[in-house]
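# Breakdown of the fold
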Number of protein chains: 4
Amino acid sequence: MSTNSFGRLFSFTTWGESHGPAIGVTVDGCPPELPLDEAWLQHWLDRRRPGQNRFTTQRREPDSVEILSGVFEGSTTGAPIQLMIRNLDQRSKDYSDIKDRFRPGHADITYWRKYGIRDYRGGGRASARETASRVAVGGIARRVLESMAPGLRIQAYLIQIGALEIDRSRFNSGEIDGNPFWCPDAGAVEGWGEFLTQTRKSGDSIGAVVECIAEGVPAGLGAPVYAKLDADLAAAMMSINAVKAVEIGAGMSAATLTGSENADEIEFRQDNPRFLSNNSGGILGGISTGQDIILRFAVKPASSILNPRATITKSGEAVAVVTKGRHDPCVGIRAVPVAEAMMACVLADHLMLHRGQVGTNRGNIG
Amino acid sequence: MSTNSFGRLFSFTTWGESHGPAIGVTVDGCPPELPLDEAWLQHWLDRRRPGQNRFTTQRREPDSVEILSGVFEGSTTGAPIQLMIRNLDQRSKDYSDIKDRFRPGHADITYWRKYGIRDYRGGGRASARETASRVAVGGIARRVLESMAPGLRIQAYLIQIGALEIDRSRFNSGEIDGNPFWCPDAGAVEGWGEFLTQTRKSGDSIGAVVECIAEGVPAGLGAPVYAKLDADLAAAMMSINAVKAVEIGAGMSAATLTGSENADEIEFRQDNPRFLSNNSGGILGGISTGQDIILRFAVKPASSILNPRATITKSGEAVAVVTKGRHDPCVGIRAVPVAEAMMACVLADHLMLHRGQVGTNRGNIG
Amino acid sequence: MSTNSFGRLFSFTTWGESHGPAIGVTVDGCPPELPLDEAWLQHWLDRRRPGQNRFTTQRREPDSVEILSGVFEGSTTGAPIQLMIRNLDQRSKDYSDIKDRFRPGHADITYWRKYGIRDYRGGGRASARETASRVAVGGIARRVLESMAPGLRIQAYLIQIGALEIDRSRFNSGEIDGNPFWCPDAGAVEGWGEFLTQTRKSGDSIGAVVECIAEGVPAGLGAPVYAKLDADLAAAMMSINAVKAVEIGAGMSAATLTGSENADEIEFRQDNPRFLSNNSGGILGGISTGQDIILRFAVKPASSILNPRATITKSGEAVAVVTKGRHDPCVGIRAVPVAEAMMACVLADHLMLHRGQVGTNRGNIG
Amino acid sequence: MSTNSFGRLFSFTTWGESHGPAIGVTVDGCPPELPLDEAWLQHWLDRRRPGQNRFTTQRREPDSVEILSGVFEGSTTGAPIQLMIRNLDQRSKDYSDIKDRFRPGHADITYWRKYGIRDYRGGGRASARETASRVAVGGIARRVLESMAPGLRIQAYLIQIGALEIDRSRFNSGEIDGNPFWCPDAGAVEGWGEFLTQTRKSGDSIGAVVECIAEGVPAGLGAPVYAKLDADLAAAMMSINAVKAVEIGAGMSAATLTGSENADEIEFRQDNPRFLSNNSGGILGGISTGQDIILRFAVKPASSILNPRATITKSGEAVAVVTKGRHDPCVGIRAVPVAEAMMACVLADHLMLHRGQVGTNRGNIG
């Protein structure tokens, strides 16, 4: 019942602080005989790695992952897998200014009020650095998906920075990896770049919206009523730093639909049900339909900014706070690989959970 | 690890189908020596009860709850509490038409594909009838809250039906209980009534947005990283039938804020931190700030409608389906007491979890 | 994390007090499409039912079980299964004498000190009546076993009452159901009967040893390190009322063996490993070997006896206590079907857990 | 639901193989503001460390523990604590002989049949080396106990090696730390030494019995029905390598007691209940009585011996196996600090669980 754990059969526990010696993750329940090595995990970690362009934090971390257990001669063994990432580019003195004052919009004050103690260096446990561990375990989850649902493919991307949305008519998934914003709309990239540069120069930060889809998800994943696939995905995404909202399928706009509009009609095509629309986002009653799973979430702007904000100290004194250090002008960007990782973990877990309870797919149609 | 369970220390498992003999909930971990009787639970159940006006299903269920265990001489004992609600007004024959055909927008098809069997009568386990159990356990959770956080107060209400939103300038919490829509804006009620009447007459249904706030929540509740208070609330609300999106605080609109705008500045007033705004929705880093917790969720329109929709049968045949029976034109209305119940359960659980790990509030300021 | 729950994938939560309106169990995670009806469960409940002969309590309970959910047209649906057994033959006034005094050897005093309140009627939640729910859920677990490990067979029996042990050379499993003691040694039955009659007449009670074996268990069940099959079995058996010790295989006597004696040598016979002895009790490193699983546990004598014992009241006054009412002179007898049920639950859970993580048996030999 | 995790609120997950780069443990739920550093943990680890005398394995491991997270400026923070112990003295080539053959009495064959793959070097995950992690986390649990139950004291010792039992009349707890066997009977030490020397020279190993007591345990710990304190202790001890039986209080001999003999009579002395005997081992109905908790467990002889035993290979071939390498002639000796650690973890967890549900002790007497 660890509160730093996620997942039921494919479960993991992250540990570590932003400026401690290391961060990492303990993964348990992974099936045996899956291929796994550090190079594979590094591939995914490199996508989240900070300092790669001027739109993310300038902290320089190689994020080199070590596999300490659970893998033998290149294969998982079914035993717990320990992944460790050393912290190398800490600059803890950057944080001495905020040792006793609470950054507005930051977990500083709540950790203090909960625990009476906190590792204030770089956000400690509340730092987005924790998400590197998620990306690493996501790499393991992808091995599970390859083995259990070979055609499954996950992709996340940014659809909005501040008020700047993509133009859906120009959506091209081939563009996503080709720009620093994971933006699927080539026409939006330049504008986003200018806007972010301006935001950074003004000492400020900005929010964003991430969308994540999973294609090729088998029908029948999810476990009513409280382990619904969408409930687990909502928890998974809301647990990412700075996320304030999660939408599945039609999301908030489902409120404005009529039942006739919302109901995704069904036909039978090539021996399979085919839905004529996807307002459900691929999930009905908490269980996957076999359509694409589609979700979106909003990421608030980082609270570590150079503009002074009014706050108080531990002793209740009124002060202003400015956060020096190296911060992301738009943390939403680095949330993209994290979203993919969490999607992979939730789906791997539900594939295993389904296999445990039900065994194999049933309820074929036709 | 039951998938029909929710909660860590204050945990419950719901059971039962819409048209089976009964539904209910097994509650475990409740503190001893809290006052509890059936009248108290009935009070909350009556708020969700169907058939009370023409805007909800005409199924007539008294929803009388029986306490079968865990209470002795009017007090909880610390042992599991079993609550049972008999189903009395089933009309299973209403459902013979949909025995072999899948309603678009409904869990019919996903239950079939997952399990290869389903109790099709009235939606079986996927029916919103399950939420009566949530409201009942919410009544117990309120006893925990009274005992552990006496000033805490929870209220939910509708802020939108279809495209019709309330006017926030007319917000009056005193209005909420006085109309069939839990609407805090007296000026919106008539319009909503006409719109819903029209929706119902046209054989259709409509979505809605519920808002839920909790006042008087102590600072320090929530447990990073995967048991964040907002992650648990997101899962709790997303697990309610027909919910497609959950927002905390600024929600989706956080994407458009700058860091300067978003950061809720802090002052020290009357021996306590006081925030100058509440974009965070009362939660920072997954832990409560002491401000009001504010969340919203979108409820899609019910999929059981009279307008024919294209679908298929179990054998893959193309057919049209119409759902007779007694249905809610706007299931969002009855989601309001369910939202309050789930909020109460999450907060009770986190109060106990905090007490278990940390003992008492610490980290005072000033 | 309910403390009244057991199991991981095949999980259940028992509820109810000895003299409340009903007891029962909520079972979650059961695979769909297994045959299940009340007659099947009743068969197993009847084996544990009190009042069947003069060696068990004279409380007359039909122990009729009702299935309230999770079964449709004779098959499990994958949804939670609620089983309820009404209490009919309560005689709560029998217990007014012990309302304020603590029976030595009984949970009276510990429930009081933990919760500050207890349902003293008939032992409340601490009563052996709770084990009826275990036997009922064991009936469901057997359906899982039939489906997933068809040749698996479980049998428990008494091997000792007080100092009277069976003669292993006369062991005949065919005798077990033919006498009131589940005794596999026909030659021991008469002596046990005389001894128990004498014990009952003297107003006393006596301990016993139960042995339980499972044949046809597939190799590979169990999950190191903390979900070892033997660790789960030890917890399962120790959680039964009055159990004070659990042994697997050689048990306590393993202490006196040398490594040469203890190591069960292996040969390859008929395409399978065959062990030349079974000191391990069918479990090595927490995982089943494919041999018979063998365990034993000691049941202490019931603490409800007619002989006066020195004790105190809630107010600390020294008194003597005598427990009238209808009690078992040897509760070990009725623990036999409970042992079988718990064994069935543990094995069903581990079969599902193995299927979830590993999929199918691997690691064949030869 | 990690199968390599233990505990509810104070929970931990161990990881690592005997001959991998490191082993360790992820501890979650620890209360904040407890003093913790590596020296404190090392103290406990040194008690279990191999190679300290000729009666344990000659593997030379410093067992130096690193704290990688969850501690800041010498105090726990409430965040996950990661402890890592590097493996330094692996001699993996010792194990090439057993790569394809299964040691009788060892988990070799069951890991193979479960997973189809295993790290055969030094027992991999099944090695007793895993218990170093338990001892480390036990050091943290002791900090919890100091804080929540200051007078609580835990001590384990050997009471039997092979057939050689201690003489209870010579029991002296002051002797335990003064000999290589944790033996409380000075008169037994020489005989044990001679016997073990002989056992080792004959290439064999021998079993043992460990007893563990906890004094000063508050009344009221434990959570019926499936989280009984004795059920959790049974699982905790049975999960230790090579343990085959667990007894609480009178244990197996409870079978031979009458109810009159077994019932620990109660008097009221110095404002507290006082029991005149302790057949219960300090636990009634799964809840602590306030008496000493007493348990015993049997440790089988190590299966890694020099005497050849008949076995088979992966391909089913009949062979003999001899285990070279550096092994314990009596693994029971090193189980002593492990027993203490597991006792500490169970009690810390139940103290927190009790505080979470019930808050403070209640149900005072007198």
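In what follows, the structure referred to is the one given above.
Below is a short write-up of the structure.

### Examining the relation of the copies chain B and chain A
For the pair chain B and chain A, the superposition axis carries a translation of 0.0 Å, the fit reaches an RMSD of 0.0 Å, and the rotation angle comes to 180°. Each copy turns onto its partner about a two-fold axis. A shared binding surface is used by both copies, with 100% of the interface residues of chain B retained as interface residues in chain A.

### Here we look at the environment of Ala188(D)
Residues and elements named next belong to chain D. Position of alanine 188 relative to the elements: it lies in helix α4 (residues 186-201). Each C-alpha atom of the pair alanine 188 and glutamate 165 lies 7.9 Å from the other, and the pair is 23 residues apart in sequence. Apart from residues lying up to four places away in sequence, alanine 188 is in contact with Arg170 and Cys183.

### Structural notes on the interface of chain D and chain C
Across the boundary between the two partners, chain D contributes 109 residues, which contact 109 residues of chain C. Taken together, the two surfaces of chain D and chain C that pack against each other cover about 8900 Å², and 61% of this comes from carbon and sulfur. If you sort the residues of chain D by the area they bury against chain C, Arg113(D), Lys114(D) and Tyr226(D) come out on top, with a joint share of 11%. On the surface where chain D and chain C come into contact, there are two salt bridges. A salt bridge links Arg309(D) to Glu265(C); the nearest nitrogen and oxygen atoms lie 3.6 Å apart. The tally of links from chain D across to chain C stands at 56 residue pairs in polar contact (both at pLDDT 80 or more). For the side of chain D that touches chain C, the leading source of residues is helix α2 (residues 108-115) of chain D, giving seven residues. By residue class, the composition of the side of chain D that touches chain C is 53 nonpolar, 38 polar and 18 charged. Note that strand β11 (residues 243-248) of chain C and strand β11 (residues 243-248) of chain D share three bridges and pair antiparallel.

### Comments concerning the side chain of Asn87(D)
All names here are of chain D. Along the chain, asparagine 87 falls in the loop between β7 (81-86) and α2. With relative accessibility at 5%, the residue asparagine 87 sits in the buried group. Of the polar contacts made by the side chain of asparagine 87, one reaches the backbone oxygen of glutamate 17; its length is 3.0 Å. In contact with asparagine 87, other than residues within four places in its own chain, are Glu17, Ser18, His19, Gly20, Pro21, Ala22, Ile23, Arg59, Glu61 and Arg129.

### Examining the sheet that holds strand β1 (residues 5-6) of chain D
Spatial strand order, β1-β2-β3-β7-β4 (chain D): five strands in an open sheet with antiparallel pairing. The strands lining the two open edges of the sheet, one partner per strand, are β1 and β4 (65-67) of chain D.

### Describing the interface of chain B and chain A
In this assembly, 109 residues from chain B lie in contact with 109 residues from chain A. Buried surface at the junction of chain B and chain A, both sides included, amounts to about 8900 Å², of which 61% is carbon and sulfur. Counting the surface chain B buries against chain A, the share from its top three residues, Arg113(B), Lys114(B) and Tyr226(B), is 11%. Where chain B packs against chain A, one counts 55 residue pairs in polar contact (both at pLDDT 80 or more). At seven residues, helix α2 (residues 108-115) of chain B tops the list of elements feeding residues into the side of chain B that touches chain A.

Conventions used here
Residues numbered from 1 in each chain as written. Chains lettered and ligands numbered in written order. Predicted model: local features only at pLDDT ≥ 70, side-chain atom pairs only at ≥ 80, totals over all residues. Heavy atoms only, no water. Least-squares fit on C-alpha atoms with pLDDT ≥ 70 in both. Contact = heavy atoms within 4.5 Å. Helix = DSSP H or I, 4+ residues; strand = E, 2+ residues; numbered from the N terminus. Buried area = accessible area lost by both parts, 1.4 Å probe. Salt bridge = Lys/Arg side-chain N within 4 Å of Asp/Glu carboxyl O. Polar contact = N/O pair within 3.5 Å; in protein donor to acceptor, adjacent residues only side chain to side chain. Nonpolar A, V, L, I, M, F, W, Y, C, P; charged D, E, K, R; others polar. Pairing = 2+ DSSP bridges. Buried < 20%, exposed > 50% of the residue type's maximum accessible area, 1.4 Å probe, protein only.

Nothing here speaks to function; it is all geometry.
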